[in-house]
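A structural walkthrough
In case you want the letters, here they are:
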Amino acid sequence: MKLKSLHIDSYRHLENIDFDFTYPKGHEKAGKPLEKICIIGQSATGKTSILELIKNSIFQIDSIKVINDEYIFHHFQLDFNGQIGYSYNHQNLTITKNSISLNEHKYENIPQANGTITNLFTTDLRLLYLSTEIISKEVINILNQNPINISTEVSIDKYSGFLKSNKDSNYVFEFIQDINTEIWFSLLYKILDYRKRFTQMASELINKGAIGDINKLNKQYSNWSETNPNPLTEFANYFNPMLSRLNLEIDLVNTEYTIPVKSKIKDEIVPISGLSTGTKGLLLSMFPLYELDTREAIILMDEPERSLFPDIQIDLLSHYQNLAPEAQFIIATHSPFIAAAFEPEERFILYFNEEGNVAVRRGESPRGDDPNDILTNDFNVNYYNEFGKAAYRRYLDLKTKVEKETELSVKRKLVLEMSKLGDKYNF
């Protein structure tokens, strides 16, 4: 499922706005849904509101039942006036306030009707909404516990048939502060089960006396590992390149935590609660993308740059796309470093027009452009503060004086001052 268009007649403070989320004419993918979408705008322009509108529409259609494949069973109504267009299994899906059309077939609300009731959407409806408030105390508490303690307190077997084994499943998940922790028990099932089996194997080896013979112990452990691979190994391959910039890495040997993170400097495990806010956010957003089947999924992310240093922001989207290569990412951001990872036609800039209403335009700077150029062209921000502006005025003043000065010694002093100022501010 991919988002293709959005027309808002009215939604919260937004009015009369059109978004075409397809590649433009002349592009090699002209008319197809954008693979990734970046929504930019100053505070109060409505970036988060648009993400929530998309999320709410998919929440609604996920629960829709129809009668005789003709009418909507229960009253369907979105809380906005307008129209949303999706591509769903190569079909055009159009949603208005109280109707749904799939290709040319329109389903409308009928007060009373009799017949066979079925779900309108039974497969391949997938949404992940990653909130700015993704760090949940409950989830951090789970990740801070020993896996064996979790398995003792929680019946993990009921999470064995999770979504990755059912590749046609629908799922619509919100990763927010008050997230349902059962989602995380499901995500962590393979790790919890592995730790449980590992502990049983270790106990058996001890009972058999293998611990007294190191060669025998290594051989039996090696044989067991061949048929019981560590489920964290593959995730570590994705996540460690990011952690390495923070002098951290996933520890594949430690069994104290479900996802043990080690300081490469101190060679010690760092409890999840002891990680920085940015690192926690990375873990809580990247692991679901790794564990879930994200084919044709829509992934909504609100300000993923929070608490992250620019060097990580620069490549952040690439890391997310490596985990979910077939998903459509829709990201709201204030970061020019993240915006630089998008093509200009993939950037949508919300701004206040002369009448004080929110309007939208597409980006200008090419992908990978200097963040300062993106700030100027797409964010429409003059990134020099009053001190920088004063220095630039002085630089221009010196340049004029140099051109007019005829006394050689004075001219040299002016040139020297101008050069120092230019080097200092990179003018």
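Refer to the structure printed above.
Read on for a plain summary of the structure.

Reading the values: the criteria
Residues numbered from 1 in each chain as written. Predicted model: local features only at pLDDT ≥ 70, side-chain atom pairs only at ≥ 80, totals over all residues. Heavy atoms only, no water. Patch = residues over 30% accessible without salt bridge, like charges linked within 9 Å, V, L, I, M, F, W, Y side chains within 5 Å. Areas by Shrake-Rupley, 256 points an atom, 1.4 Å probe, with all protein chains shown as cover. Salt bridge = Lys/Arg side-chain N within 4 Å of Asp/Glu carboxyl O. Helix = DSSP H or I, 4+ residues; strand = E, 2+ residues; numbered from the N terminus. Buried < 20%, exposed > 50% of the residue type's maximum accessible area, 1.4 Å probe, protein only. Pairing = 2+ DSSP bridges. Contact = heavy atoms within 4.5 Å. Axes fitted to C-alpha atoms, helices over the stretch in contact; angles between N-to-C directions. Expected span 1.5 Å × (residues − 1). Parallel < 35°, antiparallel > 145°, perpendicular 65-115°, else oblique. Nonpolar A, V, L, I, M, F, W, Y, C, P; charged D, E, K, R; others polar.

1. Focus on a nonpolar patch on the surface
A contiguous nonpolar patch, built from V381, Y383 and Y384 and spanning about 230 Å² of accessible area, is present on the exposed surface. Among the structural elements, V381 can be located in the loop between α11 (371-377) and α12 (386-404). Exposure remark for V381: the relative accessible area of 35% places this residue in the partly exposed category.

2. Regarding the sheet that holds strand β6 (residues 81-88)
Pairing is mixed in the open sheet, where nine strands are placed in the order β2-β1-β6-β7-β8-β9-β5-β4-β10. Looking along the sheet, the strands with just one partner apiece sit at the ends: β2 (14-20) and β10 (117-119). Summarising the sheet, β6 and strand β7 (residues 91-95) pair through five bridges and their orientation is antiparallel. Its bridge partner being in β7, I84 is matched across the sheet by I95. Against the sheet, helix α1 (residues 47-62) makes contact with β1 (2-11), β2, β6, β7 and β8 (99-102), and its axis sits at roughly 110 degrees relative to β1, the strand it touches most.

3. Concerning helix α5 (residues 189-207)
For α5, spanning 19 residues, the distance from its first C-alpha to its last is 27 Å, which sits close to the expected 27 Å at 1.5 Å a residue. Where α5 is buried, its residues contact α3 (147-153), α4 (181-187), α6 (214-227), α7 (232-243) and α8 (277-291).

4. Remarks on the pairing of strand β12 (residues 171-175)
Most of β12 is tucked away, with four of its five residues classed as buried. Taken together, the five bridges between strand β11 (residues 126-130) and β12 define a ladder with parallel strand orientation. The residue of β12 that forms the bridge with Y129 is E174.

5. With respect to the sheet that holds strand β19 (residues 358-362)
One open sheet holds the seven strands; their spatial order is β12-β11-β16-β17-β3-β18-β19, and the pairing between them is mixed. Where the open sheet ends on each side, the last strands, each with one partner, are β12 and β19. Averaged over all pairs of adjacent strands, the angle between strand axes in this sheet comes to 15 degrees, irrespective of strand direction. The pairing of strand β3 (residues 36-41) with strand β18 (residues 347-352) spans four bridges and is classified as parallel. Paired with G41 across the strands is L350, a residue of β18.

6. Digging into the side chain of H319
Among the structural elements, H319 can be located in helix α9 (residues 310-323). Those residues in contact with H319 that lie beyond four places of it in its chain are Y238, P241, M242 and M286.

7. Side note on the packing of α7 against α9
The geometry of α7 relative to α9 is characterised by a closest axis approach of 11 Å and an angle of 180 degrees between their N-to-C directions. By the angle between their directions, the pair α7 and α9 is classed as roughly antiparallel. Within the contact between the two elements, α7 uses Y238, P241 and M242 and α9 uses I312, L316, H319, N322 and L323. Taken together, the residues of the contact of α7 with α9 break down into six nonpolar, two polar and no charged.

8. A few points about the pattern of salt bridges
The full count for this structure, using the stated rule, is 21 salt bridges. The residue E417 makes a salt bridge to R394 at a minimum N-O spacing of 2.9 Å. In this pair, E417 sits in helix α13 (residues 408-425) while R394 sits in helix α12, placing the two residues 23 residues apart along the sequence. Note on E417: relative accessible area 35%, which makes it partly exposed. Judged by relative accessible area, which is 30%, R394 ranks as partly exposed. One continuous salt-bridge network, built from bridges that share partners, spans D124, R126, D293 and R295.

9. A few points about the environment of T123
Residue position: T123 is located in the loop between β10 and β11. On the accessibility criterion, T123 (25% relative accessible area) is partly exposed. Taking the C-alpha atoms as reference points, T123 and N170, separated by 47 residues in sequence, lie 5.4 Å from one another.

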